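Survey of secondary and tertiary structure
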Amino acid sequence: MVPLEGAFAVALWAVRLAFLALLYGFLARAFAALQRALAAERARAARPAGIADLVARSAERYPLRAVSSLGRDPGCDIVLRDDAASSRHALLTFDAGEWWVEDLESRNGTLVNGAAVHGRARLAYGDVLTIGRTELRLEHPAAK
């Protein structure tokens, strides 16, 4: 009978060790998944997208990058569904802590608060940018 008790004790230890191995494997996978999620969140936060938003009258938000192109062309960063807008209408840039808008020789021009833009003009938060018949307001992302 003694050999059976020894075999049972060895089997019990084997089950305990297997359980511990499974537990540590689960914890390692959970920790790795957490690290991946944190890395993805850090990468998302580091992207320049979301420096500011352009908000249309329809409350549609367009997140801006450090350099964003606007127009009807599908290759633009912000595609406008406005026949009065040129295919590559304007360029918004964030430079030295300030926003700038540049009209790209568009057919109908670009307006900031109703004033025509010739070349490059400074744009402040709250300003209304008019491209064709589309009015967009520049908002700081904290204003969401």
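Residues numbered from 1 in each chain as written. Predicted model: local features only at pLDDT ≥ 70, side-chain atom pairs only at ≥ 80, totals over all residues. Heavy atoms only, no water.

Overview of the overall build of the protein
Basically, it comes down to this: Secondary structure follows DSSP: runs of H or I at least 4 residues long count as helices, runs of E at least 2 residues long count as strands, and numbering of each begins at the N terminus. We compute the radius of gyration over the C-alpha atoms and compare it with the globule rule, which gives 2.2 Å times the number of residues raised to the power 0.38. To sort residues, take the accessible area from a 1.4 Å probe on protein chains only and compare it with the maximum for the residue type: under 20% means buried, over 50% means exposed, and anything in between is partly exposed.
For the protein, the count of helices and strands is one helix and 11 strands. Moving toward the C terminus, one meets the helices and strands of the protein in the order α-β-β-β-β-β-β-β-β-β-β-β. Relative to its length of 144 residues, the protein is extended, with a C-alpha radius of gyration of 29 Å against a globular reference of 15 Å. Residues counted as buried form 28% of the 144 residues belonging to the protein.

Digging into the packing of aromatic side chains
Counted only if it meets this: Ring geometry is summarised as follows: Phe, Tyr and Trp rings, the Trp one being its six-membered ring, pair when their centres sit within 6.5 Å, and such pairs are stacked at plane angles under 30 degrees, edge-to-face over 60 and tilted between the two. The criterion is that NZ of a Lys, or CZ of an Arg, lies within 6 Å of the ring centre and within 35 degrees of the ring normal, and then a charge sits over that ring.
This model, assessed by the stated rule, comprises one aromatic pair. Residues Phe94 and Trp99 carry aromatic rings whose centres are separated by 4.9 Å and whose planes lie at 50 degrees to one another, so their mutual orientation is tilted. Of the residues examined, Phe94 reaches a relative accessible area of 30% and is grouped as partly exposed. Sitting over the ring of Trp13, Arg16 keeps its end group 5.0 Å from the ring centre.

So, the side chain of Thr93
The following threshold applies: In this analysis, two residues are considered to be in contact whenever any of their non-hydrogen atoms come within 4.5 Å of each other.
Position of Thr93 relative to the elements: it lies in strand S5 (residues 90–95). Ignoring anything within four residues of it in the chain, the contact list for Thr93 reads Ala66, Val67, Glu98, Trp99, Trp100 and Arg120.

Things to note about the pattern of salt bridges
Under the convention used in this document: We define a salt bridge as a contact between a side-chain nitrogen of Lys or Arg and a carboxyl oxygen of Asp or Glu at a distance within 4 Å.
Tallied over the entire structure, the rule returns eight salt bridges. Linking Asp95 and Arg120 is a salt bridge whose minimum nitrogen-to-oxygen distance equals 3.7 Å. Residue Asp95 is found in strand S5, and its partner Arg120 is found in strand S9 (residues 120–123); the two are separated by 25 residues along the sequence. In this structure Asp95 comes out as partly exposed when scored by relative accessible area, which is 40%.

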